[in-house]
Amino acid sequence: AQSVTQPDARVTVSEGASLQLRCKYSYFGTPYLFWYVQYPRQGLQLLLKYYPGDPVVQGVNGFEAEFSKSNSSFHLRKASVHWSDWAVYFCAVSRTGGYKVVFGSGTRLLVSP
Amino acid sequence: NAGVIQTPRHKVTGKGQEATLWCEPISGHSAVFWYRQTIVQGLEFLTYFRNQAPIDDSGMPKERFSAQMPNQSHSTLKIQSTQPQDSAVYLCASSLGGGYAEQFFGPGTRLTVL
């Protein structure tokens, strides 16, 4: 069965510093991969999504993610974090032809001044 | 496009009472999903509909929880005899369908069972 692991429940980064949030997936076949963000008291919003092709995917607000089949990973990166990036980030996986999306447990990003 | 609409935004019920949560998906979206979010359990899948038909309810507690989609413009999640452990944020999402389709989430309904 497909699954997603986000090993870091909480990450603290200084404003202006770079960021990497980790995501490992388990899936037999070719997955679709997603990163969603949840700001306080809001629903989830899509940051970016991966479709088999270029392993580096660009998203909104300067975020990007890199797919690695050998490492079963889809880590999220940002070169310079802004205070407004303070949120919870979810990695998710789905399969070709399917509707159901499996979400990870989320990583809470805290941005320090 | 107003996005996915969920009502009410907050609901407080007494133990043993019934709670009905409403979701209006984005017009034209064929898939509707329900999730439950708590601090302890995180984001849990409950059920989803495709073209109004229930497809997968594997995440629904077998007792007291039910979901319906009587027409393409709304879905309901009903919890009978609510218990304090049902307290959570219930999120509804819709999509155009297909594994690659983005899910658009509503703001959620915060249910508090006293």
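Calculation rules
- Here the residue numbering is sequential within each chain, running from 1 through the sequence in written order.
- Working convention: letters from A go to chains and numbers from 1 go to ligands, in the order in which they are written.
- Selection of residues for local features in this predicted model requires a pLDDT of at least 70, selection of side-chain atom pairs for listing and counting requires 80 or more, and totals for whole chains, interfaces and linings are taken over all residues.
- Working from all heavy atoms in the structure, the side-chain values ignore hydrogens and water.
- Secondary structure elements follow DSSP: runs of H or I no shorter than four residues count as helices, runs of E no shorter than two count as strands, and numbering proceeds from the N terminus.
- Only the C-alpha atoms count toward the radius of gyration. The rule for a globule is 2.2 Å times the residue count to the power 0.38.
- Every residue pair with non-hydrogen atoms within 4.5 Å of one another is taken to be in contact.
- Areas reported as accessible are Shrake-Rupley estimates using a 1.4 Å probe. Residue values count occlusion only from the protein chains shown.
- Asp and Glu count as negative and Lys and Arg as positive, but His and the ends of the chain are not part of the count.
- We put the charge of a Lys on NZ, of an Arg on CZ, of an Asp on CG and of a Glu on CD.
- Using a 1.4 Å probe, buried area is obtained as the accessible area two parts lose upon being combined, added over both of them.
- By salt bridge we mean one thing: a side-chain nitrogen of Lys or Arg within 4 Å of a carboxyl oxygen of Asp or Glu.
- Think of a polar contact as two N or O atoms within 3.5 Å of one another; within protein, one of them needs to be a possible hydrogen donor and the other a possible acceptor, and neighboring residues in sequence only count if both atoms come from side chains.
- For this classification, the nonpolar set comprises Ala, Val, Leu, Ile, Met, Phe, Trp, Tyr, Cys and Pro, the charged set comprises Asp, Glu, Lys and Arg, and every other residue, Gly included, is treated as polar.
- What we call a nonpolar core is a set of buried Ala, Val, Leu, Ile, Met, Phe, Trp, Tyr and Cys residues that are connected through their side-chain atoms within 4.5 Å.
- Partly exposed residues are those whose accessible area sits between 20% and 50% of the maximum for their type, while under 20% is buried and over 50% is exposed, using a 1.4 Å probe and protein chains only.
- The pairing criterion for strands is at least two bridges between them, as found by DSSP.
- Axis definition: a line fit to C-alpha positions, over the contact stretch in the case of helices; interaxial angles, taken between N-to-C directions, run 0 to 180 degrees.
- Whenever a pair of cysteine sulfur atoms sits within 2.5 Å, that pair is classed as a disulfide.
- Two rings belonging to Phe, Tyr or Trp (six-membered ring only in the last case) form a pair when the distance between their centres is within 6.5 Å. Interplanar angles under 30 degrees mark stacking, angles over 60 mark edge-to-face geometry, and anything in between is tilted.

Colleague: Describe the overall build of chain A, with residues and values.
Modeller: Summing up its helical and strand segments, chain A has zero helices and 12 strands in all. For chain A, whose C-alpha radius of gyration is 13 Å, the value lies close to the compact-globule estimate of 13 Å for 113 residues. Taking the principal axes of the C-alpha coordinates as reference, chain A spans close to 40 × 30 × 20 Å. Pairs at least 24 apart in sequence give 55% of the contacts found in chain A among residues at least 6 apart. In the form shown here, chain A has an accessible surface area of approximately 5,500 Å², with 50% of it arising from carbon and sulfur atoms. In chain A, 11 positive and 6 negative side-chain charges are present, and the distance between their average locations comes to 11 Å.

Colleague: How would you explain the interface of chain B and chain A if you had to name every residue and give the values?
Modeller: Between chain B and chain A, the contact holds 23 residues from the first and 21 residues from the second. Between chain B and chain A, a total of about 1,800 Å² is buried, with carbon and sulfur atoms accounting for 59% of that surface. Across the contact surface, chain B and chain A share zero salt bridges. Across the contact surface, chain B and chain A share two residue pairs in polar contact (both at pLDDT 80 or more). For the side of chain B that touches chain A, the secondary structure elements donating two or more residues are strand S4 (31-38) and strand S5 (42-50) of chain B. Residue composition of the side of chain B that touches chain A, by class: 11 nonpolar, eight polar and four charged.

Colleague: So what about the nonpolar core? Which residues, and what values?
Modeller: The biggest cluster of nonpolar side chains holds 27 residues, and the ones touching the most others in it are Leu19, Trp35, Leu47, Leu48, Phe74, Leu76 and Tyr89 of chain A. Mapped onto this core, the elements with two or more residues apiece are strand S2 (10-14), strand S3 (19-21), strand S5 (31-38), strand S6 (44-50), strand S8 (63-68), strand S9 (73-78), strand S10 (87-95) and strand S12 (107-112) of chain A. It is S10 of chain A that provides the largest number of residues to this core, a total of four residues. Apart from the residues within four sequence positions on either side, Tyr89 of chain A is in contact with Gln6, Leu21, Trp35, Tyr36, Val37, Leu47, Phe63, Leu76, Gly106, Thr107 and Leu109 of chain A. One finds Val88 and Phe103 of chain A together with Tyr48 and Phe105 of chain B within the second-largest nonpolar core, a separate group that totals 21 residues.

Colleague: How would you summarise the sheet that holds strand S3 (residues 19-24) of chain B if you had to cite specific residues and measurements?
Modeller: Residues and elements named next belong to chain B. Strand order in the open sheet made by the four strands is S1-S3-S8-S7, with antiparallel pairing throughout. Either end of the sheet is taken by a strand with one partner, and the two such strands are strand S1 (5-7) and strand S7 (65-71). Going across the sheet, the axis of each strand differs from the next one's by a mean of 20 degrees, ignoring polarity. Where S1 and S3 come together, three bridges link them in antiparallel fashion. Residue pairing in the sheet places Ile5 in a bridge with Glu24 of S3.

Colleague: Account for the state of the cysteines, naming residues and giving values.
Modeller: Under the counting rule described, the total for this entry stands at two disulfides over all chains. Disulfide pairing is shown between Cys23 of chain A and Cys91 of chain A; the S-S distance is 2.0 Å. Negative torsions about the S-S bond denote left-handed disulfides, and the value of about -65 degrees found for Cys23 of chain A with Cys91 of chain A makes this one left-handed. Remark: Cys91 of chain A occurs in strand S10 and Cys23 of chain A occurs in the loop between S3 and strand S4 (24-26); sequence separation between them is 68 residues. As far as the burial class goes, Cys23 of chain A and Cys91 of chain A line up, both buried. Disulfide pairing places Cys23 of chain B opposite Cys92 of chain B at an S-S distance of 1.9 Å. One quick way to see it: the torsion about the S-S bond of Cys23 of chain B and Cys92 of chain B is about -65 degrees, and its sign makes the bridge left-handed.

Colleague: Just give me the short version of the packing of aromatic side chains, but keep the residues and values in it.
Modeller: All told, the structure shown has 15 aromatic pairs over all chains when counted by the stated rule. Judged by centre distance (6.1 Å) and plane angle (55 degrees), the ring pair of Tyr50 of chain A and Phe74 of chain A falls under tilted. Of this pair, Tyr50 of chain A sits in strand S6 while Phe74 of chain A is found in strand S9, placing the two residues 24 residues apart along the sequence. Exposure remark for Phe74 of chain A: the relative accessible area of 0% places this residue in the buried category. Three or more aromatic residues joined by ring pairs form one cluster here, namely Phe34, Tyr36 and Phe103 of chain A together with Phe33, Tyr35, Phe45, Tyr48 and Phe105 of chain B.

Colleague: Can you explain the environment of Arg110 of chain B? Please cite residues and give values.
Modeller: Residues and elements named next belong to chain B. With respect to the helices, strands and loops of the structure, Arg110 is situated in strand S11 (residues 109-113). Taking C-alpha positions, Arg110 is 9.4 Å from Gln37, a pair spaced 73 residues apart along the chain. Beyond its immediate sequence surroundings of up to four residues, Arg110 is in contact with Arg9, His10, Lys11, Ala88 and Val89.

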